[in-house]
Amino acid sequence: MIKKILLGVFLSISQIFALNFTVASYNVENLFDLKNDGTEYEDYKLCKKTNSRLKNVKCWNRKKLNTKLQNLSKTIKHLNADIIALQEIESKKALKLLLKKLPRYKYNRFLKNHNASVGVAVLSKYEILNTKNIHTNKADKYARPILETTLNIQGFKLKIYNSHWRSKRAKENTRTRYATALKNEIFNLDEDIDYILLGDFNSNYNEWKTFKHNKKLNNTYGITGINHILNTIEDDKLVLQKNIYNYQKKVHYNLWLELSKNERFSYKFRRENNTPDNILLPLALFDNKNISYIDDSFKVFKPKYLYENNKINRWNKNKGYSDHLPIIASFTTDVVYKKTPKKIKKIKGIKYKNISHLYKIEHISNPINLKNVIVIYKHKNNAILKQKNNRAIYAYNCADNLKIGEMYNLTINELEDYNDLLEIKNICNIKKIKTFLDYKSLYKDGNKIDIFDTKYTNEIIKNLKGTYKKGYLYLKNNR
C-alpha cells in the first residue's frame, strides 16, 4: 500500500514538473567576423578603408556585420527555441558578437575545421555537459566536422548532432561520408539513449528520388546518405512514425513527413521547394520514457519578414536574413506523455476521403475510398481524376474501366511518387454515379492562377500562351 502511495506521489510530482522544450535548426547564411583569416569567401573579405563606405561593393564591413547581427538576433528571439543548432558561422568571435544580443542562451559551443570557411554552433538555455568533434573525412582538410553536444534536460541526457554536409556543388559520395560518420557514432548507442540528428544536410527528405536521374550528383548507384545510410527509408518507402516500432534495425523518422507536401520547404532553388534542413528522430524519442517528441509539433518558422510572395528574404549585400528558413520541434520530459487518443465515431457504411488527403500521406497502408470523382482527361489507360472544389490527381496505367466525363465512387489501393509527382497506381470497386457533361469547366484558367504553385499539380490548365520550342513552352513572362 505504501509503495503504491509513493509511486502515485512520484508520478504526480513528475507530471507537475514535466518540462516541454523546443529544439531548432537554422542555417544563418555566412555570419563572418571582421578579421581576415584567409579562409573567407570573396564577398566576406574585409573591405579596404578606401572603399568601405560603398554600399554595393563586394566585401565585408562593420555596417554590414551589424545589420546581419541585428537581423539574425531578431529572428532567433522570435523563434524562441530553447536549444538551437546554427550553421555557417565563421568563428567563435562571430558567435560571441551574436550572443551579445541573445543573453538568454547561457550555454553555447562552436566547432570548425581550421581550414574551413564556416562552422557550426549550438546555443542552449540548458546546461551543456560535454561536446565531441566527429570527424567526417580526415583526408580532406576542408571537411566540416559534426558537433555532438550532450545536454542536461531536467536530469535527462539529450544528445544533439549538428551537421552541415557538403553542398550539391559536390557529388553524393561527399555527403555519404557525413552520414557514415554519424552512423558509426550513433548506431553503437543503447536503444534508450535520446538523441536528435539535425542541421543542414544539403539533402531532401526524399533525396533518393529527387537525385536519382541527376548524373552530376548520383555517383553512388542511387545510394544516399540521408535515406539509405541513416535509414529514413526501408524498401523504397519512408519510415513513418506509426511504423517505427516494426523495424529490426535502427531507423530514423524525418519530421518533414508531418507537414503536407506543399509545405515541405526551408529553402528555394529556382522556385522549387527544397528540404536541405532536417530533423531526424530515433525510436527512443517515441518510447514515452525520459524525453519524448511531442507529436505534430514540427514547423517551419516563416513570418512575413522572412518569407513573403513565395520568396525567402535572404541576405543580399547589406540587407535580408538568410537563404534558409529555421525549422523547430517540441519535446517533453513528461515520462507519462502520450498523445491523447481521439474518440472514434462509428460511421455507417463506407468512409470517404478527398483527393487532397492523398497529398498528405506518403503511401497507403489501407485502401482509401474516394467519392464523386470525375474523369476530366483520358489517354489510353491513364486519366486525370478530380473532385469538384477539390484537387486533381493522375491515375497511371490503371484507368481502363474509367470514361472521360463520368463521375465515380472508387477505391485507391496504391500510390506512388514518380519524380516527385503523386500518382494513383491501382484502382478497384469502381461504381459509376452519373455523367458529368460539363467536366471541362473544372479546368484551371492559366491567366488567373500561378501555374507554378504546387497546389495545382496534376490539374489541366487552359488559356496558356507562349512559344513551344524543343520540348519547352516559353510563356510571355519568361517562366
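Numbers given to residues run from 1 along each chain, matching the order in which its sequence is written. Where totals are concerned, whole chains, interfaces and linings use all residues; where local detail is concerned, this predicted model gives features only for residues with pLDDT of at least 70, and gives and counts side-chain atom pairs only at 80 or more. Only heavy atoms go into the side-chain values, all of them from the structure, while hydrogens and water stay out.

Caption draft 1: Quick look at the sheet that holds strand β8 (residues 195-200). Strand order across the open sheet formed by six strands is β5-β6-β7-β8-β14-β11, with mixed pairing between neighbours. Each end of this open sheet is capped by a strand with a single partner; those strands are β5 (128-134) and β11 (253-254). With seven bridges joining them, strand β6 (residues 146-153) and strand β7 (residues 156-164) adopt antiparallel strand pairing. Within β7, the residue paired with Thr150 across the bridge is Lys159. Its contacts with the sheet put helix α4 (residues 172-186) on β5, β6, β7 and β8, and the angle it makes with β7 is roughly 165°. Note on pairing: two strands pair once DSSP finds at least 2 bridges between them. Strands here are runs of E lasting at least two residues and helices are runs of H or I lasting at least four, both read from the DSSP assignment and numbered beginning at the N terminus. Note on definitions: a residue-residue contact is assigned when non-hydrogen atoms from the two residues lie within 4.5 Å. A fitted line through C-alpha atoms serves as each axis, taken over the contacting stretch for helices, and the angle formed by two N-to-C directions is quoted from 0 to 180°.

Caption draft 2: Local environment of the pairing of strand β23 (residues 392-395). Across four bridges, the pairing between strand β22 (residues 382-386) and β23 is antiparallel. When the bridges of β23 are listed, Leu385 appears paired with Ile393. Taking the residues that link successive antiparallel strands as the turn, the β22-β23 hairpin has five residues, and the phi of Asn389 there is positive, at about 65°. With two bridges joining them, β23 and strand β25 (residues 421-435) adopt parallel strand pairing. Directly across from Tyr394, in β25, lies its bridge partner Glu423.

Caption draft 3: Representation of unusual backbone geometry. Phi at Asn231 takes a positive value of approximately 55°, unusual for a residue other than glycine. Inspection of the secondary structure assignment puts Asn231 in the loop between α6 (225-229) and β9 (233-234). Residue burial is assigned from relative accessible area. The probe radius is 1.4 Å, only protein chains are included, and a residue is buried under 20% of its type maximum, exposed over 50%, and partly exposed in between. Taking the relative accessible area as the measure of exposure, Asn231 reaches 5% and is therefore buried.

Caption draft 4: Region of interest: the confidence of the model for the protein chain. pLDDT is a per-residue confidence score from the predictor, ranging from 0 to 100. Within the protein chain, residue pLDDT values average 89, and 90% of them lie at 70 or more. Note on residues 3-14: pLDDT is under 50 here. Beyond four places in sequence and across chains, it has two contacts. For the stretch residues 340-347, pLDDT sits under 50, and the model shows zero contacts to residues farther than four places along the chain or on other chains.

Caption draft 5: Region of the structure containing the pattern of salt bridges. We count a salt bridge whenever a side-chain nitrogen from Lys or Arg sits within 4 Å of a carboxyl oxygen from Asp or Glu. Inspection of the entire model under this criterion finds 16 salt bridges. The salt bridge partner of Arg175 is Glu172, with a shortest N-O separation of 3.0 Å. Of this pair, Arg175 and Glu172 are both found in helix α4, three residues apart, which corresponds to roughly one turn of the helix. Take Arg175 and Glu172: they sit in the same class, and that class is buried.

Caption draft 6: Structural context of α4. Residue count minus one, scaled by 1.5 Å, sets the expected span of a helix. Here α4 contains 15 residues, and its C-alpha end-to-end distance of 21 Å stays within 8% of the 21 Å for a straight helix at 1.5 Å per residue. For α4, the full list of buried residues reads Glu172, Thr174, Arg175, Thr176, Tyr178, Ala179, Ala181, Leu182 and Ile186. If you follow the buried residues of α4, they end up packed against β5, β6, β7, β8, α5 (207-210) and α6.

Caption draft 7: Geometry of the state of the cysteines. For the purposes of this analysis, a disulfide is any pair of cysteine sulfur atoms at a distance within 2.5 Å. According to the stated counting rule, one finds one disulfide in the structure shown. Paired by a disulfide, Cys47 and Cys59 hold their sulfur atoms 1.8 Å apart. Between Cys47 and Cys59 the sulfur-sulfur dihedral comes to about 100°; the bridge is accordingly right-handed. Taken together, the residues Cys47 in the loop between β1 (20-31) and α2 (62-79) and Cys59 in the loop between β1 and α2 connect sequence positions twelve residues apart. For the residue pair Cys47 and Cys59, the accessibility class agrees, reading buried in each case. Take Cys398: it sits in no disulfide, and the sulfur closest to it among the cysteines is that of Cys428, at 10 Å. You can call Cys398 buried: its relative accessible area is 15%.

Caption draft 8: The packing of aromatic side chains, seen in detail. Classification of ring pairs uses Phe, Tyr and Trp, with its six-membered ring standing for Trp, and accepts pairs whose centres are within 6.5 Å; under 30 degrees between planes counts as stacked, over 60 as edge-to-face, and the remaining range as tilted. Considering all chains together, one arrives at 16 aromatic pairs under this definition. With a centroid separation of 5.2 Å and 45° between ring planes, the pair formed by Tyr305 and Tyr321 is classed as tilted. With Tyr305 in the loop between β16 (299-300) and β17 (307-308) and Tyr321 in the loop between β18 (311-312) and β19 (327-332), this pair connects stretches of sequence that are 16 residues apart. The burial state of Tyr305 is the same as that of Tyr321; both residues are buried. The ring of Tyr305 carries the charged tip of Lys74 above its face, separated from the ring centre by 4.0 Å. For a Lys NZ or an Arg CZ to count as sitting over a ring, it must be within 6 Å of the ring centre and within 35 degrees of the ring normal. The residue whose ring lies beneath Lys183 is Phe187, and the NZ or CZ to ring-centre distance is 5.5 Å.

Caption draft 9: Structural detail: a nonpolar patch on the surface. Note on patches: the residues involved have over 30% relative accessible area and no salt bridge, like charges join within 9 Å, and the nonpolar side chains Val, Leu, Ile, Met, Phe, Trp and Tyr join within 5 Å. Only the protein chains shown count as covering a residue, and every accessible area follows the Shrake-Rupley method with a 1.4 Å probe. A contiguous nonpolar surface patch, about 320 Å² in accessible area, is contributed by Leu464, Tyr468 and Leu473. Here Leu473 lies in strand β29 (residues 472-475).

Caption draft 10: Highlighting the nonpolar core. In this description, a nonpolar core means a group of buried Ala, Val, Leu, Ile, Met, Phe, Trp, Tyr and Cys residues linked to one another through side-chain atoms lying within 4.5 Å. Of all hydrophobic cores here, the largest spans 76 residues; its most connected members are Ile84, Ile196 and Phe331. By residue number, the principal contributor to this core is β1, which donates six residues. Setting aside residues no more than four positions away along its own chain, Phe331 makes contact with Leu19, Asn20, Phe21, Val23, Ile196, Leu281, Leu285, Ile291, Ser292, Tyr293 and Ile294. Counting residues in hydrophobic clusters, the runner-up holds 23 residues, among them Cys398, Leu402, Tyr408 and Ile412.

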